[in-house]
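Chain and residue survey
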Amino acid sequence: MANKKQSSASSFSSNVDRMVDHAFSILNLDAGTAQAIKACDSVLQVKFPVKIRGEIQTFTGWRAVHSTHRLPAKGGIRFAAYSDQDEVEALAALMTYKCALVDVPFGGSKGALHIDPSQYSRDEMQLITRRYTLELVRKGFLNPATNVPAPDVGTGQREMAWIADTYKHLNPEDINYQACVTGKPVQQGGIRGRVEATGRGVQYAIREFFRHPRDLTAANLSAGLAGKRVIVQGLGNVGYHAAKFLQEEDDVKITAIIEYDGVISNENGLNVEEVYRFKIEHGSFKEFPGGTFSPDNKGALEMECDILIPAALERQISKENASRIQAKLIVEAANGPITFDADKILRDKGIVIMPDVYVNAGGVTVSYFEWIRNLSHIRFGRMERRYDELRGNEYATLLEEATGSKLSASTRSMIVRGASELDLVRSGLDDTMRNAYQEMHETLHSNDKIADLRTAAFVIAIRKISRSYLDVGIY
Ligand code: NAD
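Below you will find a few notes about this structure.

Quick notes on the rules
Residues numbered from 1 in each chain as written. Predicted model: local features only at pLDDT ≥ 70, side-chain atom pairs only at ≥ 80, totals over all residues. Heavy atoms only, no water. Pairing = 2+ DSSP bridges. Helix = DSSP H or I, 4+ residues; strand = E, 2+ residues; numbered from the N terminus. Axes fitted to C-alpha atoms, helices over the stretch in contact; angles between N-to-C directions. Contact = heavy atoms within 4.5 Å. Core = buried A, V, L, I, M, F, W, Y, C linked by side-chain atoms within 4.5 Å. Buried < 20%, exposed > 50% of the residue type's maximum accessible area, 1.4 Å probe, protein only. Near = heavy atom within 4 Å. Areas by Shrake-Rupley, 256 points an atom, 1.4 Å probe, with all protein chains shown as cover. Nonpolar A, V, L, I, M, F, W, Y, C, P; charged D, E, K, R; others polar. Domains from an automatic or database assignment. Phe/Tyr/Trp six-rings, centres within 6.5 Å; stacked < 30°, edge-to-face > 60°. Lys NZ or Arg CZ within 6 Å of the ring centre and 35° of its normal.

**Some details on the sheet that holds strand β1 (residues 42–52)**
With mixed pairing, 5 strands are arranged side by side in an open sheet as β1-β2-β4-β3-β5. The two strands at the open ends of the sheet, each matched to only one other strand, are β1 and β5 (147–151). Strand-to-strand twist of the sheet, defined as the mean angle between neighbouring strand axes without regard to direction, takes the value 25°. Two strands pair when backbone bridges link them, and strand β2 (residues 55–65) and strand β4 (residues 107–114) are joined in this way by 5 bridges, in the antiparallel orientation. Bridge pairing in β4 links Trp 62 to Ala 112. Where helix α3 (residues 85–101) meets the sheet, its contacts fall on β1, β2, β3 (73–80) and β4, and the angle it forms with β4 comes to roughly 150°.

This is the structure in structure tokens:
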């Protein structure tokens, strides 16, 4: 049932709970604090009517707030026909740990609308999104200070713009209205680099992994990303950008791309941009001329490769198929693609897993930058860019005078160039992904009880969250 909370041991939230419990047991946290951290603070379920093509349809949606130890609570909104309350709660919990891990000062939240967007026109989607927003605002689940959504599966800039505009009309006196949601179009208060931020973060995460020889050895991988064979599941926002950047900038070979209707593969490497354009144009890459198509998308996860990047849905690798996975490194770009039981099977096989709470944190990191931009009402770099250029020109001239030789035009412009907003966003994202990985790496290798990066990530996150409980107490 789509709108009932599941409670089985295999549910998404129980998988997250079991991973968190493992970290609690290592930290020796008292049961009360552990329970307070784990509990989902509040869940809103809404049912609202919308008149579509002359008939009234009732839609079901949720917004869960897992933690408010930092405000606002932050997390995407998903539009999907498979959404349910259990999934929303699990995703909200992951947001709490993710934000703590990468030092983004937010609590965790998540929302979903039970809908198949492909069944509705643009205008109908606008009506439905605005109506859902109204419910969230009225019930105190959307506000720049307390609860700030972002895009997730089935939503993007378009939906975020509708949400921001609806909030603005309901709260015209709120000077910070743009900060009520992130992932907006740039002309509506969004930030450059947010659309691709999660995929970009996946790239930075993998690059950082490859800077650690000890971790490469554990994964049985040779040094250097170039030439590595990579399979990506899901050619949506996250999967497309991650695959594109890795192929174009790091020279990896994307040997297979898996989608809902099958897999396209080519041992010599696929051109991601061409596959993506083909899929947009034809609705599927079935007939794509640059690779071989097979409808067996589930089996494709088991194909041999160096790096497997699940970037589509949760629970794709379970105890049913884990023993057949052949990748050396799994990079969890999606939320929860590996179940708790599968995680153990994979690790026993010697496969290294980079966990979702770290890997896909690029989205919320750049959302944090967007939120700050909205609250400060100014684009990053606007004040200092030309000043930096002026200083750069002076340094370049001094350098020429000191050396007695003229700089080439390209060297001069490299020295002179002031940072744009996109430069700053990328720098902040790269720094965040590197720091978080280094913390995980240190934690993993300094504690005998910690055997994997996921546990290291949860231990770091829970330590930070429990610190905040200890500092301010329970109110
Ligand atoms: P999306 O809707 O843009 O893309 C999902 C893709 O997966 C689509 O192309 C879809 O066709 C494909 N897909 C659906 N079922 C599939 C199947 N059975 N096998 C293979 N592919 C399938 O969503 P997204 O925003 O890219 O999100 C993907 C994952 O990343 C989700 O787990 C999401 O929670 C997570 N995530 C997204 C963001 C973000 O900024 N968008 C941030 C953090 C985490």
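**Thoughts on the nonpolar core**
Tyr 97, Phe 209, Ile 309, Met 354 and Tyr 358 are the most contacted members of the largest nonpolar core, which has 87 residues in total. At 10 residues, helix α17 (residues 453–472) tops the list of elements feeding residues into this core. Counting 27 residues, the second-largest nonpolar core is a separate cluster that includes Ala 73, Ile 77, Leu 136 and Ile 163.

**As for the environment of Gly 350**
One can find Gly 350 in the loop between α11 (340–348) and β12 (352–354). In sequence terms Gly 350 and Lys 328 are 22 residues apart; their C-alpha atoms lie 7.6 Å from each other. Excluding anything up to four places from it in sequence, Gly 350 contacts Ala 218 and Lys 328.

**Digging into the site of the ligand**
Neighbouring residues of the ligand: 23 residues in total, closest Arg 78, Asp 152, Thr 198, Glu 259 and Asn 335. Considering the ligand on its own, with 830 Å² of exposed area, one finds that the protein chains cover 85% of that surface. Breaking the shell around the ligand down by element, the ones donating at least two residues are α8 (237–250) and β7 (253–259). Among the residues making up the shell around the ligand, the classes are represented as 10 nonpolar, 8 polar and 5 charged. In terms of domain composition, the shell around the ligand takes at least three residues from each of domain 1 (43–187) and domain 2 (220–350).

**Things to note about the packing of aromatic side chains**
Applying the stated rule across the entire model yields 14 aromatic pairs. Centroid distance Phe 209 to Phe 210: 6.0 Å. Interplanar angle 65°. Geometry classified as edge-to-face. Take Phe 209 and Phe 210: they sit in the same class, and that class is buried. Pairing Tyr 240 with Tyr 276 gives two aromatic rings, centres 3.6 Å apart and planes at 15°, and the pair type is stacked. Taken together, the residues span a long stretch of sequence, with Tyr 240 in helix α8 and Tyr 276 in helix α9 (residues 272–282) at a distance of 36 residues. By relative accessible area, Tyr 240 is classed as buried at 6%. Following the ring pairs from residue to residue traces out a cluster consisting of Phe 48, Phe 59, Phe 79, Tyr 120 and Tyr 132. Positioned above the aromatic ring of Phe 245 is the side chain of Arg 200, whose terminal nitrogen or guanidinium carbon lies 3.6 Å from the ring centre.

Everything listed here is a matter of geometry and, on its own, says nothing about what the molecule does.
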